[in-house]
Each structure stands twice: as C-alpha cells, then as structure tokens.
Amino acid sequence: AYIRKHPLDIPPPSENDWLKNDEEDFFLQDPDRKRDALSQPFRMVNKLVMMVFENAMEIIEKREMLREAQKLKVQPTKFFPTAEFQVTGRANCLAVSGKYIFVGLSVGLAAFKISDCKEVCAWDAVKMETCAIHASDLGHECHVLLAVDEMGLVWLFFFHKESFLLIQILNETEDISKRNTSVEVVLSPGGDYAGVLLQGNAKAWLEIYRLPKDSWLKEMEKKAGAAEACREKRSSWTSTDIFLLQESPVPANKADRKLSLPALLLQVKPPKPITGSSFKSPLDALKKVDDGSMLGLGYNHLIKDSQWEQQEAIFRSTYREYLEAEGERESKEEIPRRATFHFLLPSRILQVGPEMKVQPDVPTGISVHWDGSHNLCFYLLNRLLKEQVDSDPKPDVVWPCAAPIACSAVSSCSRYLALACEDATITIWDEHLGYPLSVTAILEERLIRSIHFL
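A brief look at the structure comes next. Nothing here was measured: the structure is a model prediction, and the numbers come from that model.

Nonpolar side chains collect at one region of the surface, where Met50, Phe53, Met57 and Ile60 lie side by side and expose about 370 Å² of accessible area between them. Turning to its location among the elements, Met57 is positioned in helix H1 (residues 40-72). Accessibility expressed as a relative area gives 35% for Met57, which makes it partly exposed.

Excluding glycine, residues mostly carry a negative phi; peptide bonds, for their part, are mostly trans. Positive phi, normally seen in glycine, also occurs at Cys117, with a value near 55°. In this fold, Cys117 is placed in the loop between strand E3 (109-113) and strand E4 (119-123). Since its relative accessible area comes to 17%, Cys117 is described here as buried. In this model, Ser414 sits at a positive phi of 65°, which is unusual for a non-glycine residue.

This part is about a negative patch on the surface. On the surface, a cluster of negative charge is contributed by Glu54, Glu58, Glu61, Glu64 and Glu68. With respect to the element layout, Glu61 can be found in helix H1.

On to the sheet that holds strand E10 (residues 193-199), then. Within the open sheet, the four strands sit side by side as E9-E10-E11-E12. Their pairing is antiparallel. The open sheet has two edge strands, strand E9 (181-187) and strand E12 (263-268), and neither has a second partner. In this sheet, adjacent strand axes meet at a mean angle of 20° when their direction is disregarded. Bridge count for E10 against strand E11 (residues 204-210) is seven bridges, and the pairing is antiparallel.

Generally speaking, nonpolar side chains in soluble globular proteins are found buried as a group. In terms of nonpolar packing, the biggest core is built from 23 residues, with Leu146, Leu156, Phe158, Leu211 and Trp216 touching the most fellow members. Residue assignment for this core shows that the elements contributing at least two residues are strand E6 (142-149), strand E7 (154-160), strand E8 (164-169), E9, E10, E11 and helix H2 (213-235). Non-local contacts of Trp216, meaning those with residues more than four positions away in its chain, are made with Leu138, Val144, Leu156, Phe158, Ile167, Leu211, Leu259 and Ser260. Core analysis: the second largest hydrophobic core is formed by 19 residues, Leu197, Ala204, Ala339 and Leu381 among them.

Mapped onto the secondary structure, Ser408 falls in strand E17 (residues 405-410). For Ser408, a relative accessible area of 9% corresponds to the buried category. Here the side chain of Ser408 touches His342 through a polar contact of 2.9 Å, side chain to side chain. Side-chain polar atoms of Ser408 contact the side chain of His369, separated by 2.9 Å. Those residues within four positions of Ser408 in sequence are excluded, and the remaining contacts are Thr340, His342, His369, Ala418, Leu419 and Ile451.

On to the sheet that holds strand E20 (residues 435-441), then. Pairing is antiparallel in the open sheet, where four strands are placed in the order E17-E18-E19-E20. The outermost strands of the open sheet, each flanked by one partner alone, are E17 and E20. Within this sheet the neighbouring strands show an average axis-to-axis angle of 15°, counted without direction. With six bridges connecting them, strand E19 (residues 425-430) and E20 associate as antiparallel partners. What sits directly across from Thr427, in E20, is Val439.

Conventions used here
- Residues numbered from 1 in each chain as written.
- Predicted model: local features only at pLDDT ≥ 70, side-chain atom pairs only at ≥ 80, totals over all residues.
- Heavy atoms only, no water.
- Patch = residues over 30% accessible without salt bridge, like charges linked within 9 Å, V, L, I, M, F, W, Y side chains within 5 Å.
- Areas by Shrake-Rupley, 256 points an atom, 1.4 Å probe, with all protein chains shown as cover.
- Salt bridge = Lys/Arg side-chain N within 4 Å of Asp/Glu carboxyl O.
- Helix = DSSP H or I, 4+ residues; strand = E, 2+ residues; numbered from the N terminus.
- Buried < 20%, exposed > 50% of the residue type's maximum accessible area, 1.4 Å probe, protein only.
- Lys, Arg positive; Asp, Glu negative; His and termini not counted.
- Charge placed at Lys NZ, Arg CZ, Asp CG, Glu CD.
- Pairing = 2+ DSSP bridges.
- Axes fitted to C-alpha atoms, helices over the stretch in contact; angles between N-to-C directions.
- Core = buried A, V, L, I, M, F, W, Y, C linked by side-chain atoms within 4.5 Å.
- Contact = heavy atoms within 4.5 Å.
- Polar contact = N/O pair within 3.5 Å; in protein donor to acceptor, adjacent residues only side chain to side chain.

Shown next as structure tokens:
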C-alpha cells in the first residue's frame, strides 16, 4: 500500500492555467460578474435583442431628422369652411350657375343662394335620386338644368325666379324594356344646345338637342305678365266672385302653362367597321362620293375581302416570330359604345355658309370621336329642323389621325383643341386659325387616358 508522506498542496494559478477562449481584458473584469454571465443560447438572444434595439433607435433618429426638416419647409395654408348649408337627405352632386348653387339630392333637387347659403327652392315631385347635374345661366334670372337620375334618365328643368319647372324627360319611353340609359351629358356654354350619349342593349348613339331658350324667356315674361294681371283682377273681386271661384276650381294641369320642348337636331351613330368593297368598277365607287372636296370615313373604296385576307396572311407570315413572342390574340371588331364630344364656337375649321347667321358666343358645331376610331368628325349645328331626323348623318369635316384617338379636350376659351392618340402623341390645334400649334410625342410607351387645359 502507498501512503502519502506529505499533505496535498494546491499549486497557485499561473498564466498557463488560463482558458484560451477568454478575452484579453480578463483581468479587468469584475469577479462578481462571473455569476451573472449567461450561457450560450441566452447570449445569442441577448445579442439579437440589442441589435433590434439599435436598429429601432436608428429609425427613430432618422424620423426625427425628417420631422425637423419638414418643419423648416413652407407649410401650405389651411383653409376652413366659412359657411355651410344644410340639405335634406344626401347630397350627390352640385353645379354652380350665376348666383345659385344647385344640389342633386337623394330625393329631388334643391337650390341655394351663394351669398347666404340659404335654400330658396326644392323640387321633389318625383322620388328620383339625382346622380349628376349640369346648369347654365340664361340671363334674366333664368337657368337651364340637366339632371341624370339613378336609372339613367335625363331630366330637363327650367329655373326661374326661385322655382323649378320640369320641361321634359329626354330619353323617356313607355316600354321599360326599351329604355335607354344616359352615359354622358354635356350642356353647351350659354345653354343653346345639349348633348346626350345613350346606350341600349347592343347599340349606342349620340343625340344633340337645340334648346329654345329665347322662346322660354318670352314665354316666362308672358306668364309673369298674366300672373300680374290676375293679381290685379283678384284685388277688385267681391266676396261673391271669390265664392264662385272656390266652387269651380281649375285643374292644375290646365292652369300651369308648359314651355316649348327642345328639338332633336342630330342623332350620330358610331362608325361601322370597314369591310370589303362591293363595287364592281371605280365608276360605281365615284357615284357614292359627293364632290370630293373633303375626306370621308373610308367606306367608298375598291379593296375586296380577298385582298384584305391576303394582306393579313402576308403580315402574319412576315412577323410571325414577333406575334408569337407577344402572344397573338384574336381581336374581334366591335362597334364602339363610348364617344367623346365637344361643342365648338365659330372657327375656320367649320366653314358656315353666308346665309347662316353666326354669333360669336353660340356653338356652330361639335367634334366627335368614338373609342378605337382614327377619325375626328365635325358636324355643323346650323341645320334646318326636320320632322324626321337623319339617324346617320355624314360628318361635315373629317380629320384622320395616324393612331386611334384616346382622348381630347377643348380649352375654356374654345380656341384650342388637344388630341391625344394611343401612340402617345399629343397635338394642339388652333381652331380659329385652323392649323396645329405643337406636336408632342412621349418617348416612353404610355397610354394617355385623359387630357386637360390648365
């Protein structure tokens, strides 16, 4: 057996006994903190938490810097409403004409004065919801209004001396199944004409009405004179006359005098797709042309259906790889159902004959272009009224464009016309001089959806 002679001694620590993984500043650490040191999984969690905290502080500092920079910028002026007017129900739309504000309500119409925002008149004889409203000042405290309800019906009103008078529903039909809905309504400046774009089951067309505003003003003057004479006569009545009047009342429909109805001036339909010619000789095609003084819509040509098909086959065979790369789609030609139209004042674009009287502030024509069409068509409004309106009149002037017209706009002074095509080309025309002012092509492939003058 082995017996230790001397007691076991613990040698003092030395540098050789230190752990290799410890930090270099091991001797600077507090010995008491050794008990607080975390194990490995918790050290990783602590490191991630500190990283998230530091990133959050950086984001907070950046936001504070942006907030301070925003304070140094010029702040926009905040405007608060100076007055308000109370309406019955829900206000859907409004229009300003003269010194009145006309509001389309969930039930009927209402008129307010701009000066004190007080309601002066309301119309709710028919429970209809007004979705759009247009108004024009005719002078002599008279205004004409076009209102569109939720069913697409167009209501024509005359506002005189703070009272509404319903003249006509323009697209009303007895058969509900044949009812046509209004897509767009435009009232010309001055209230001389009104345009309504209508849609049916499988067709669309544009109707232009001439509003007899001069007759309306004269009829309202006569009506006011008759009312004044009636008041003077009533002041001289005796009690017996009043008793007899109460015994025999006058029906309301005979007592109220109706105003003159608007006249349908034009009915423009969308252009038909161009197909192969049925003419056997050039002479047959020339017989369909009027005098050759203007460009047409391209219907009178000598290209056969077989020639169209041959040209299409050559195009597809030549550019087959490009068509396959872009994904060829079969496109069926459909009749467009959307049109954009503007009322135009007298200019060199629309030449009016010397026998027609032209006023500088009254429109003499309209410009119309349908979706997907290359042609901008102009129609004169100085036409004689007929009992039977031509359902498909020929345009007086045609402007063909290199690409389909996407949108258009007319300046507030009605002198400049802007056309934007689907190839991202914008052309500004001077209507008074009759020539283009500028042509701008957007280099990037963009689709222009709307254009406005500022």
